[in-house]
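Single-letter residue listing:
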Amino acid sequence: MPLARHTTLARMPALSSKLALGLAMGLSLAGCGGMPTNTSLYSLKQPVVERSNMTMDVNTTTGGLPISEQQRLNGWFETMDLRFGDRVAIEDPGQNPAVANAIRDLAARYGLIVSDTAPVTPGILNPGQARVVITRTTAAVPGCPDWSAKSDMNYLNGLSPNFGCSINANMAAMVADPQDLLTGKKGAGETVIATSNKAISTYRETAPTGAGGLMDASAGGGGGGGGGGGGN
């Protein structure tokens, strides 16, 4: 028994040295992984714009939309939180102007203009029905934040995978119309120029607020008190 015990104790340092050597090699190899690989000056995390169509079929008559259908459509607009950036279109096989005008009036309450061409949507319209389509675009930056590069070594002089996440995610969250990230906002020609020039001219021609001098800050109560003392 004593000999067996001494033999076991003699093998422990050899086993410990093998474990330490394997652990050191694993740590050294792990330190080389996870280095940045993007050697350009551009962020790989860009906003992704997604577009979705939501539809509602309404019953029409020769006179346009019945009051009940107008109320139902307006309730749907409120439920969908119709807002700036959304696009409203009409698909009416009958091409009834009264139906289009009724839907335009409802959309105008939310500050939106109805498009002339509706996107292709699934489903067949029954006779006497029209389809109202809301097209909504959203923007987001997938994969952010990204802290996958865990190594301090950067032999390729690459950018961090998280580079661009903050500014691009904020831009995607704050832009009023995500469609502008794809095509930009088209100007209206002379109207935009006239409006901007009017604001600049007003700023330049307005007199400075300090041109009139300082206001008289003397208190009226003090003068009245002095007059009363002279009377005594």
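Shown above is the structure to which this text applies.
Each value, and the rule that gives it
- Residues numbered from 1 in each chain as written.
- Predicted model: local features only at pLDDT ≥ 70, side-chain atom pairs only at ≥ 80, totals over all residues.
- Heavy atoms only, no water.
- Helix = DSSP H or I, 4+ residues; strand = E, 2+ residues; numbered from the N terminus.
- Buried < 20%, exposed > 50% of the residue type's maximum accessible area, 1.4 Å probe, protein only.
- Polar contact = N/O pair within 3.5 Å; in protein donor to acceptor, adjacent residues only side chain to side chain.
- Contact = heavy atoms within 4.5 Å.
- Disulfide = S-S within 2.5 Å.
- Pairing = 2+ DSSP bridges.
- Right-handed = clockwise from strand over helix to strand, strands pointing away.
- Phe/Tyr/Trp six-rings, centres within 6.5 Å; stacked < 30°, edge-to-face > 60°.
- Patch = residues over 30% accessible without salt bridge, like charges linked within 9 Å, V, L, I, M, F, W, Y side chains within 5 Å.
- Areas by Shrake-Rupley, 256 points an atom, 1.4 Å probe, with all protein chains shown as cover.
- Salt bridge = Lys/Arg side-chain N within 4 Å of Asp/Glu carboxyl O.

**Comments concerning the side chain of Ser-43**
Then step 1. With respect to the element layout, Ser-43 can be found in the loop between helix 1 (2–32) and strand 1 (48–59).
Then step 2. On the accessibility criterion, Ser-43 (12% relative accessible area) is buried.
Then step 3. A distance of 3.1 Å separates the side chain of Ser-43 from the backbone nitrogen of Lys-45, its partner in a polar contact.
Then step 4. Beyond its immediate chain neighbours, meaning those up to four positions away, Ser-43 contacts Phe-163, Gly-164 and Asn-168.

**Description of unusual backbone geometry**
Then step 1. Residue Pro-145 is bonded to the preceding Cys-144 through a cis peptide linkage, with omega at -5°.
Then step 2. Relative to the elements of secondary structure, Pro-145 occurs in the loop between strand 4 (129–140) and helix 4 (165–174).
Then step 3. Positive phi is not limited to glycine here, since Asp-81 has a value of about 55°.
Then step 4. As for its placement among the helices and strands, Asp-81 is situated in the loop between helix 2 (67–79) and strand 2 (87–91).
Then step 5. With a relative accessible area of 46%, Asp-81 lands in the partly exposed category.
Then step 6. One non-glycine residue with positive phi stands out, namely Gln-95, at about 55°.

**Describing the state of the cysteines**
Then step 1. Using the criterion set out here, one finds one disulfide in the structure.
Then step 2. Here Cys-144 pairs with Cys-165 through a disulfide, and the sulfurs are 2.0 Å apart. The S-S bond linking Cys-144 to Cys-165 shows a torsion near -80°; that makes this disulfide left-handed. On the criterion of sequence distance, the pair formed by Cys-144 in the loop between strand 4 and helix 4 and Cys-165 in helix 4 is long-range, its members being 21 residues apart.

**A few points about the pairing of strand 2**
Then step 1. Sheet topology note: the strand 2/strand 4 ladder contains five bridges and is antiparallel. Its bridge partner lying in strand 4, Val-88 is registered against Ile-134.
Then step 2. Looking at chain direction, strand 2 and strand 3 (residues 114–115) are connected through two bridges and run parallel. In the sheet register, Ala-89 faces strand 3, and the bridge partner there is Ser-115.
Then step 3. One crossover worth recording links strand 2 to the parallel strand 3 by way of helix 3 (residues 97–108), and it is right-handed.

**Digging into the packing of aromatic side chains**
The description of two aromatic rings rests on the distance between their centres and on the angle between their planes.
Then step 1. Within the structure shown, the criterion is met by two aromatic pairs.
Then step 2. Between Trp-76 and Phe-77, the aromatic rings sit 5.9 Å apart at their centres with planes inclined by 35°, giving tilted as the arrangement. The exposure classification of Trp-76 matches that of Phe-77, with both residues buried.
Then step 3. For the pair Phe-77 and Tyr-110, a centre-to-centre distance of 5.8 Å together with 85° between the ring planes defines the contact as edge-to-face. Placement of Phe-77 in helix 2 and of Tyr-110 in the loop between helix 3 and strand 3 is noted, with a sequence separation of 33 residues between them.

**Here's the deal with a nonpolar patch on the surface**
Then step 1. A contiguous nonpolar surface patch, about 260 Å² in accessible area, is contributed by Ile-167, Met-171 and Leu-181.
Then step 2. Structurally, Leu-181 can be placed in helix 5 (residues 180–183).

Read these as spatial facts, not as claims about activity.
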